[in-house]
Amino acid sequence: MYDFRNCLKAAALVVTALACSATAQTWSSPMLVANGGGQAVSTNGVGTSAVIFTPLSGGLQASVNTGSGWSAPTTLTSVSAPANVVVAPNGDVLAVWSFRTTNTYTPVEAQAAFFHGGHWGNTLTISTNVYGNVSSLGLPSIAFDGYSQATVVWEQITNPSPMSCALEVATGSAASGFGSAKTISTASTCFGWNKLAVTSGGQAVAVEGVPGILSGAVVAIGRDSTGTWGAPVTIGAAGVYRQRQPNVGLGNDGTAVVVWLINGGVRYSVRSGGTWSAAAALPGVAGTAGGASGVAVDGSGNAVATFQQVAISPGTYATYRPVGGSWQTKVQLNSSTQIVATPAGTFVAGGITVSTRLAGTSTWNQHTFPDVAKVNAAAGLAIAMVGPQVSVSTASVP
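Fair warning: this is a prediction, and the values are worked out from it, not measured in the lab.

J.: What is the right way to look at the overall build of the chain in this model?
T.: On a plain count of helices and strands, the chain comes out with two helices and 34 strands. Each principal axis of the C-alpha distribution contributes one length, and for the chain these read about 70 × 45 × 40 Å. Classification of the 398 residues of the chain by burial places 53% in the buried group. For the chain, long-range pairs separated by at least 24 residues make up 45% of all intrachain contacts whose partners lie at least 6 apart in sequence.

J.: Would you mind showing me how to read the nonpolar core here?
T.: What tends to happen in soluble globular proteins is that the nonpolar side chains get buried as a cluster. Core analysis: the largest hydrophobic core is formed by 18 residues, its most contacted members being Ile-52, Leu-76, Val-85, Val-93, Ala-95, Trp-97 and Trp-120. Looking at this core, the elements that each hand over two or more residues are strand S3 (49–55), strand S4 (60–65), strand S6 (83–87), strand S7 (93–100) and strand S8 (108–116). Top contributing element to this core by residue count: S7, with four residues.

J.: What is the right way to look at unusual backbone geometry in this model?
T.: For residues besides glycine, phi is generally negative; the peptide bonds are generally trans as well. Of note, the bond from Ser-161 into Pro-162 is cis; its omega dihedral lies within 30 degrees of zero at -5°. Positionally, Pro-162 belongs in the loop between strand S12 (150–160) and strand S13 (163–173). In the segment running from Gly-387 into Pro-388, the intervening peptide bond is cis, with an omega of 5°. Relative to the helices and strands, Pro-388 resides in the loop between strand S33 (380–386) and strand S34 (390–397). A positive phi angle, near 65°, is found at Ser-148, a position not held by glycine. The topology assignment puts Ser-148 in the loop between strand S11 (141–144) and S12. Classification of Ser-148 as buried rests on a relative accessible area of 6%. The residue Gln-245 is not glycine, and still its phi comes out positive at about 50°. The topology assignment puts Gln-245 in strand S20 (residues 244–250).

J.: Please clarify how the environment of Ile-213 should be interpreted in this entry.
T.: Among the structural elements, Ile-213 can be located in the loop between strand S17 (204–209) and strand S18 (218–223). In this view, Ile-213 contacts Arg-242 and Arg-244; residues no more than four positions away in its chain are not counted.

J.: For this particular structure, what's the right way to read the sheet that holds strand S19 (residues 233–236)?
T.: Paired through their backbone hydrogen bonds, the strands of a sheet run either parallel or antiparallel. Here four strands make up an open sheet; going across it, the order is S16-S17-S18-S19 and the pairing antiparallel. Looking along the sheet, the strands with just one partner apiece sit at the ends: strand S16 (193–198) and S19. Along the sheet, successive strands turn relative to each other by an average axial angle of 25°, direction set aside. As paired elements, S17 and S18 share five bridges and run antiparallel to each other. Residue Ala-204 lies in a different strand from S18, and its bridge partner there is Arg-223.

J.: So what exactly am I meant to see when it comes to the environment of Gly-36 here?
T.: Structurally, Gly-36 can be placed in strand S2 (residues 36–43). It is 17 Å that separates the C-alpha atoms of Gly-36 and Val-375, two residues lying 339 residues apart in sequence. Residue contacts for Gly-36: discarding those within four places in its chain leaves Thr-54, Pro-55, Leu-56, Pro-388, Gln-389 and Val-390.

J.: Looking at this model, I keep getting lost on the packing of aromatic side chains. Mind explaining?
T.: Both the distance between ring centres and the angle between the ring planes are used here to describe each pair of aromatic rings. Tallied over the full model, the rule gives six aromatic pairs. Judged by centre distance (5.5 Å) and plane angle (65°), the rings of Phe-115 and Trp-120 are edge-to-face. Of the two residues, Phe-115 and Trp-120, neither departs from the other in class, the shared state being buried. A centroid spacing of 6.3 Å and a plane angle of 85° characterise the contact between Tyr-320 and Phe-347, whose relative ring orientation is edge-to-face. Taken together, the residues Tyr-320 in strand S27 (residues 315–321) and Phe-347 in strand S30 (residues 347–349) connect sequence positions 27 residues apart. In this pair, the class of Tyr-320 matches that of Phe-347, namely buried.

J.: When you look at the sheet that holds strand S5 (residues 74–77) in this model, what are you seeing that I'm missing?
T.: Overall, antiparallel pairing links the four strands, which are arranged S2-S3-S4-S5 in an open sheet. Edge positions in the sheet fall to S2 and S5, since each has one partner strand and no second. Looking at each pair of strands side by side, their axes are set apart by 30° on average, direction ignored. By the bridge criterion, five bridges tie S3 to S4 in an arrangement that is antiparallel. Pairing of Phe-53 across the sheet is with Gln-61, part of S4.

J.: Please clarify how the environment of Cys-165 should be interpreted in this entry.
T.: The topology assignment puts Cys-165 in strand S13. Taking C-alpha positions, Cys-165 is 6.6 Å from Thr-186, a pair spaced 21 residues apart along the chain. Those residues in contact with Cys-165 that sit more than four places away from it in its chain are Tyr-131, Glu-155, Gln-156, Ile-157, Thr-158, Thr-186, Ser-188 and Cys-190.

Criteria and thresholds
- Every chain is numbered on its own, with residues counted from 1 as its sequence reads.
- Given that this is a predicted model, residues contribute local features only at a pLDDT of at least 70 and side-chain atom pairs are listed and counted only at 80 or more, while totals for whole chains, interfaces and linings are drawn from all residues.
- Hydrogens and water are ignored here; the side-chain numbers use all heavy atoms of the structure.
- For the purposes of this entry, the term helix denotes a DSSP run of H or I that reaches at least four residues, the term strand denotes a run of E that reaches at least two, and both are numbered from the N terminus.
- The classification of residues rests on relative accessible area computed with a 1.4 Å probe and restricted to protein chains. Under 20% of the type maximum is buried, over 50% is exposed, and intermediate values are partly exposed.
- By the convention used here, residues are in contact when the closest approach between their heavy atoms is within 4.5 Å.
- Here the nonpolar core consists of buried residues drawn from Ala, Val, Leu, Ile, Met, Phe, Trp, Tyr and Cys, with membership extended through side-chain atoms lying within 4.5 Å.
- The pairing criterion is simple: DSSP has to find at least two bridges between the two strands.
- Axes, fitted as lines to C-alpha atoms, cover a helix only where it is in contact. Angles between the N-to-C directions of the axes lie from 0 to 180 degrees.
- Here a Phe, Tyr or Trp ring, Trp counted by its six-membered ring, pairs with any other such ring whose centre lies within 6.5 Å, and the pair is stacked when the planes are under 30 degrees apart, edge-to-face when over 60, and tilted otherwise.

Functional significance is not addressed by these values, which are geometric in nature.
See the structure below:
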């Protein structure tokens, strides 16, 4: 067994740090949690992890590990639906899902449930009037802050004909449920895509865009640490062909990075000092970019953007941006574009091969699983949910 104390006694401090970090790349053998199709995985890094999945019989189930092993799966709904799950610092868990209630694209219903004190609570209906289209079921975005307060963001239909929408937000906890919804954006017509990032101190950035291969504006809305949402800011003006699928990362220092696709390319914008930069092409894309991109930001504001390249030297690439600096030379990964970060600066990319850039290093370590893995990470732990069933592997990280 590896003895961390021996590592700390190494002669040189720099060598010690590198030697200790290297041990973090030992992933555990995947442990089967359930039969089904995994949708999302989350951990708080200090004792609680959760998975949400579609069992073979349909519907949605979740399992939680509070330190004594994975619980028997709990059925959250009998409806098969897209879903997400997040774990709070205090060990509470929030799951969210959305589904169509008619044979048409709208409206969509969104529901949620909290896990607290060893069991799942009652199903909470977020909205019965969520916007959906051919490419989207309007899944709300969710996140916890450092006080274990949850934020949920979704797109609400405000008028059915002509169709108009607003971006709504609600906050709450497992103990209190969600408070009243608040409109934070009516920036355009209906989008169909939203993403959310929240810091430990409660700052947040929500982004709106379009899914699939549609074309639309990219809009960002920020919340300060007092809970006040600012005015929507269009960071990607409408009129760009196939401008779509924005993702957002946010550091505790307030640095936010949004990355999105355009036809054959990738663009980004950075918020620094409260001001968004003009949309620009992500450096390093050679030839044509593919249909996915991602971004993650650590607690200090350092960022990693991921993208697919399809025409020249095809594959998935990652590029690192130190806070206040410029994007560095891209690195090819054998991973997917899903990317997460810990506050200390470890970045983890999912895929059949999971790639990890440990805090304080500039190299990517790779571990190949039997099937595609979806990842999550928090201070102390990275977790991978490995297919084709629902299996889980973990690794220690800064």
